[in-house]
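# Topology and contacts: notes
Residues per chain, in single letters:
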Amino acid sequence: QVQLVESGGGLVQAGGSLRLSCAASGRTFSNYNMGWFRQAPGKERDFLAAITRSGTATRYADSVKGRFTISRDNAKNTVYLQMNSLKPEDTAVYYCAAGDTSAFRVGANRYDYDYWGQGTQVTVSS
């Protein structure tokens, strides 16, 4: 079992940057593939990025590729999402999630993840 807590959300102008953090507690954090998702009101919870257990490989949704970077520090039990060139359409609640092998497969979705944080709001103004 792992517990996840996101932080770092807030209000930012279009073109700005934010870095989200996801602090994990519990055993064997490094055994989990990790991901970031977001959900806007009335929308599905969409995959954004994933990172392998060792942090040596990543995947990104097309909507954020080139703008967002996922990373992890296993010594600190923390996963990060660096968000640059933010757009108003990036406004959503952002969630950190943990999963097993299926979480890093091509086409992985929310159902491939087993543990979720409470979410943090990101609002991008025009």
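Just above, that's the structure.
Scope of this entry: the structure provided in the associated data block. This one's a predicted model, so the numbers in the text were calculated from it and none came from an experiment.

### Looking at the overall build of the protein
Scanning the protein from N- to C-terminus turns up zero helices and eleven strands. Reading the helices (α) and strands (β) of the protein from amino to carboxyl end gives β-β-β-β-β-β-β-β-β-β-β. Computed over C-alpha atoms, the radius of gyration of the protein comes to 13 Å, within 12% of the 14 Å expected from 2.2 N^0.38 for 126 residues, which places it in the range of a compact globule. Classification of the 126 residues of the protein by burial places 44% in the buried group. Excluding contacts between residues fewer than 6 apart, the proportion of contacts in the protein whose partners are at least 24 apart in sequence is 59%. Each charge class in the protein can be summarised by its mean position, and for the 14 positive and 10 negative side chains these summaries are 4 Å apart.

### Quick word on the pattern of salt bridges
The final tally for this structure, using the stated rule, is four salt bridges. In this structure, the salt-bridge partner of arginine 38 is aspartate 90, at a minimum N-O distance of 2.8 Å. Here the residue arginine 38 occupies a position in strand S4 (residues 33-39), and aspartate 90 occupies one in the loop between strand S8 (78-83) and strand S9 (92-99), the gap between them amounting to 52 residues. With respect to class, arginine 38 is no different from aspartate 90; both count as buried. For aspartate 112, the salt bridge goes to arginine 105, with nearest N and O atoms at 3.0 Å.

### Considerations on the packing of aromatic side chains
Note on aromatic pairs: each is described by the distance of the centres and the angle between the planes. Under the criterion given, the structure shown has six aromatic pairs. A centroid spacing of 6.4 Å and a plane angle of 80° characterise the contact between tyrosine 95 and tryptophan 116, whose relative ring orientation is edge-to-face. Of this pair, tyrosine 95 sits in strand S9 while tryptophan 116 is found in strand S10 (residues 115-116), placing the two residues 21 residues apart along the sequence. By way of ring pairs, the aromatic residues Phe37, Phe47, Tyr95, Tyr113 and Trp116 are connected into one cluster. Taking NZ or CZ as reference, arginine 45 lies 3.7 Å from the ring centre of tyrosine 95, over its face.

### With respect to the side chain of serine 21
With respect to the secondary-structure elements, serine 21 resides in strand S3 (residues 18-26). In contact with serine 21, other than residues within four places in its own chain, are Val5, Glu6, Ser7, Trp36, Thr78, Val79 and Tyr80.

### Some remarks on the state of the cysteines
Taken as a whole, this structure holds one disulfide when the rule is applied. Across the disulfide from cysteine 22 sits cysteine 96; the S-S distance is 2.1 Å. Between cysteine 22 and cysteine 96, the S-S dihedral sits near -80°, and the bridge is therefore left-handed. Here cysteine 22, found in strand S3, pairs with cysteine 96, found in strand S9; they are 74 residues apart in sequence, far enough to count as distant. Grouping residues by exposure puts cysteine 22 and cysteine 96 together as buried.

### Things to note about the side chain of asparagine 33
Mapped onto the elements, asparagine 33 comes out in strand S4. Taking the relative accessible area as the measure of exposure, asparagine 33 reaches 2% and is therefore buried. A distance of 3.2 Å separates a polar side-chain atom of asparagine 33 from the backbone nitrogen of arginine 53. Once residues within four sequence positions are removed from consideration, asparagine 33 is found in contact with Ile51, Thr52, Arg53, Arg72, Ala97, Ala98, Gly99, Asp100, Thr101, Ala103, Phe104 and Tyr113.

Thresholds applied
Residues numbered from 1 in each chain as written. Predicted model: local features only at pLDDT ≥ 70, side-chain atom pairs only at ≥ 80, totals over all residues. Heavy atoms only, no water. Helix = DSSP H or I, 4+ residues; strand = E, 2+ residues; numbered from the N terminus. Rg over C-alpha atoms; globule rule 2.2 N^0.38 Å. Buried < 20%, exposed > 50% of the residue type's maximum accessible area, 1.4 Å probe, protein only. Contact = heavy atoms within 4.5 Å. Lys, Arg positive; Asp, Glu negative; His and termini not counted. Charge placed at Lys NZ, Arg CZ, Asp CG, Glu CD. Salt bridge = Lys/Arg side-chain N within 4 Å of Asp/Glu carboxyl O. Phe/Tyr/Trp six-rings, centres within 6.5 Å; stacked < 30°, edge-to-face > 60°. Lys NZ or Arg CZ within 6 Å of the ring centre and 35° of its normal. Disulfide = S-S within 2.5 Å. Polar contact = N/O pair within 3.5 Å; in protein donor to acceptor, adjacent residues only side chain to side chain.

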